[in-house]
Amino acid sequence: MYHLNSSTNQEISLKSIFKESSTFTQEMIEKTLMRNDSNYVLYQDVLLLMRKLSEEFREILIIKEIGKTHENRPIQMIEITLKNSSQNSMLITGAHHSRELSSIQLPLLTALQLCHGYYHKDQETINFLQNHKMLLIPIINVDGFNYISEKFTQFGKYPLKRKNMNSDYENGTECDTSQKYFKYYLTGGLVTEFDDVMSGVDLNRNYDWDFGNGGGSSNDPCNEQYRGPYPFSESETRAIRDLVEQRQNDLKVIYNIHTYGNLLVHPFSHQKNNILAEKFPHHAKIYEEIWDEGPFPKGNERGNAQQVVGYEADGEACDWIFSKYQIICASPELGLQTYLANDFILSNREVVKQIIGQNFKWIKYTMRKIGPQLKLSIVKATKALLSDEINIVLRIDNTGLGDFKLTHEQKFDRRYHIQFETNYLTHIQILNGEATSRYLGADQSQIMTFTPHQDIPSRGFTTVTIQGRLNENYYTKLSKSQKSAELDDQYVTIEYKKYPLLQIEPQTLEIPLNKILKYNTISLSVSEIFNELLPQNSYRAWLSINLVLITICIIAIVGFCLFKMKKTLWEKYLINNQVRLNSQRFLDLKQNLIIQEPYLNDAMSRTDFILV
Ligand SMILES: [Zn+2]
């Protein structure tokens, strides 16, 4: 039984479930993505859920048909956005292989999370929807999943059907279902009615990239990896091909979800040795960033099919998508760092919830990456030793996959050189950008907001230079209350760990997406920079100058004392105007004394030197 239609008179609304909590809970997963009699949903449950999503969230969500399956079922795509024009888009697909049931749950969870966030007016969700599009195809292999769902309803058992339902290439001879390992394809024992489980085409070997050339596919129609007679022979793969073709300029990331494993599989899976890093270093870096920052579940591994699962896969979807359009595409195998997650059909309910919950985290991270993702770093911040002039060079990198574009209004009102005063600086000049400032309150710090004066393309950067002089009242204006003043949380604060003398080491700060999207500007707290950095540096400079002076004084005092001691010593010898020298060496000494210790000349001229 499925929770959403468990009431006979009335369907349960998604909004009534979302209302219970402003965070998306495990219980919500339970109610929307799991049946009572199984840890998954069936085809009819997915159709009901999609209908309810489109009815209850029609202002952000529509369902489109992108093609038909072999058995003429619609292949449906959920499109979620607040803006219908061309936008940076992300596509998540499930069930290229129908038995990989959690690969259907994850795209559905993504739809539910966005609707839940929208329902609770979550700012990050709304910002995402205002600027991006999420495309979700929970089931590509609809016929295979329908077959599994029918058999489960009939027998209470899941047949492990991988391929689609197209048996046209078997030449009238049905695939042998009594084979030795057939039992493996059922959960719970052999049932004779599962006759179609071995037929069909492996949709993830049917794409037009190195089709049938490398390895990991078969030309035997009854084989699990049967690739079909030619590339795109199947209506399901043609639907994906046409969609990607149409939206190639908007699509920034595509995830074709699979199970199981705990792996991020990415191009090129038809090769033993992956040439991705060598031929596409720029893209390899993006895969690396996504994987590093995901976060992926513990123990996750990354690489092409050979690197992570130990076999090649030709005609693979992401190989074709990446090779043809250079769209970042990966085929993650969902899992966790536990053997309990290693199967297609899992009996542990908590593990299934963890799998989709934990793997949603990197989906969420990627949602930030398909737009502009700005990182601010201080390249250099210097203050002249004996003046109050300061110079700060900021670098803004766009590490996202979307361009950072200034709005029309900002472009229209563009000013390059703006001078203004803060509590701390005078004669400020922002080069290469625009700036405004506002007070946080009486006697508190002042915020400087600047906008780079140009668009920053994806993976590009720009710099902003701030020049100015410290206000002469700067030091007297610093107070404890200013230093500990709470800053408005819409502004970014920077923490610096090192304070080398008059030279600040580059530090990187990631600016949260909602700040960029909300204001389309980068905000810095001037007080944070100048309170925290410059006093430290000024103090260091002051300290180091004093250290030098103190050292000079000590050397002078010690030198003077030594001189005095030496003079006293010699004068003691010369006091009687008579010195007895007992060797030639002392004659030399006398000569040296005249040259090297001239202050003794008077005393020596009055002295008789007698050689003994
Ligand atoms: Zn798969």
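Here's what I pulled together on the structure shown here. Only a predicted model underlies this, so the values are computations on that prediction, with no experimental measurement involved.

When you go through the protein chain residue by residue, the secondary structure sums to 20 helices and 20 strands. Taken across its 612 residues, the protein chain has 52% of its residues classed as buried. For the protein chain, long-range pairs separated by at least 24 residues make up 76% of all intrachain contacts whose partners lie at least 6 apart in sequence.

On to the coordination of the zinc ion, then. Those donors, His97 (ND1), Glu100 (OE), Glu100 (OE) and His258 (ND1), are the protein atoms that reach the zinc ion, and they lie 2.1 to 2.3 Å from it. The coordination sphere of the zinc ion comprises four donor atoms, whose angles at the metal cover 58 to 149°; the geometry is irregular. Each donor residue of the zinc ion belongs to the same chain, and together they define the spacing H-x2-E-x157-H. Residue histidine 97 is found in the loop between strand E3 (88–93) and helix H4 (102–119), and its partner histidine 258 is found in strand E6 (residues 258–259); the two are separated by 161 residues along the sequence. A single burial state applies to histidine 97 and to histidine 258, both of which are buried.

This brings us to the packing of helix H2 (residues 26–33) against H4. The geometry of H2 relative to H4 is characterised by a closest axis approach of 11 Å and an angle of 120° between their N-to-C directions. Our classification of the angle between H2 and H4 gives oblique. Between H2 and H4 the crossing geometry is right-handed. Contact with H2, carried on its side by Met28, Ile29, Thr32 and Leu33, involves Gln105, Leu108, Leu109, Leu112 and His116 of H4 and no other residues of that element. A breakdown of the residues in the contact of H2 with H4 according to their chemical character gives six nonpolar, three polar and no charged.

Moving on to the nonpolar core. Ranked by internal contacts, the top residues of the largest apolar core, which has 108 residues, are Ile80 and Tyr255. Examining the composition of this core, we find that nine residues originate from one element, helix H12 (residues 349–369), more than from any other. Every residue in contact with isoleucine 80, bar those within four places of it in the chain, is listed here: Ile60, Leu61, Ala111, Leu114, Leu129, His132, Lys133, Met134 and Leu136. Grouped together as the second largest cluster of nonpolar side chains are eight residues, Leu394, Phe404, Ile456 and Val464 included.

What follows concerns the packing of aromatic side chains. On inspection of all chains with the given rule, the structure shows 18 aromatic pairs. Pairing phenylalanine 18 with phenylalanine 57 gives two aromatic rings, centres 5.8 Å apart and planes at 45°, and the pair type is tilted. In this pair, phenylalanine 18 is assigned in helix H1 (residues 14–18) and phenylalanine 57 in the loop between helix H3 (43–56) and strand E1 (61–68), connecting sequence segments 39 residues apart. Members of the aromatic cluster, connected to one another through ring pairs, are Phe18, Phe24, Phe57 and Tyr119. Across from the ring centre of phenylalanine 57, 5.3 Å away, lies the NZ or CZ of lysine 15, which sits over that ring. Geometry around tyrosine 147 places lysine 161 over its ring, the cationic atom sitting 5.8 Å from the centre.

Calculation notes
- Residues numbered from 1 in each chain as written.
- Predicted model: local features only at pLDDT ≥ 70, side-chain atom pairs only at ≥ 80, totals over all residues.
- Heavy atoms only, no water.
- Helix = DSSP H or I, 4+ residues; strand = E, 2+ residues; numbered from the N terminus.
- Buried < 20%, exposed > 50% of the residue type's maximum accessible area, 1.4 Å probe, protein only.
- Contact = heavy atoms within 4.5 Å.
- Donors = N, O, S within 2.8 Å, 3.2 Å for Na, K, Ca; no water.
- Tetrahedral: all angles 85-135°; square planar, octahedral: opposite > 155°, others 65-115°.
- Axes fitted to C-alpha atoms, helices over the stretch in contact; angles between N-to-C directions.
- Parallel < 35°, antiparallel > 145°, perpendicular 65-115°, else oblique.
- Left-handed = near helix turned anticlockwise from the far one by under 90°.
- Nonpolar A, V, L, I, M, F, W, Y, C, P; charged D, E, K, R; others polar.
- Core = buried A, V, L, I, M, F, W, Y, C linked by side-chain atoms within 4.5 Å.
- Phe/Tyr/Trp six-rings, centres within 6.5 Å; stacked < 30°, edge-to-face > 60°.
- Lys NZ or Arg CZ within 6 Å of the ring centre and 35° of its normal.

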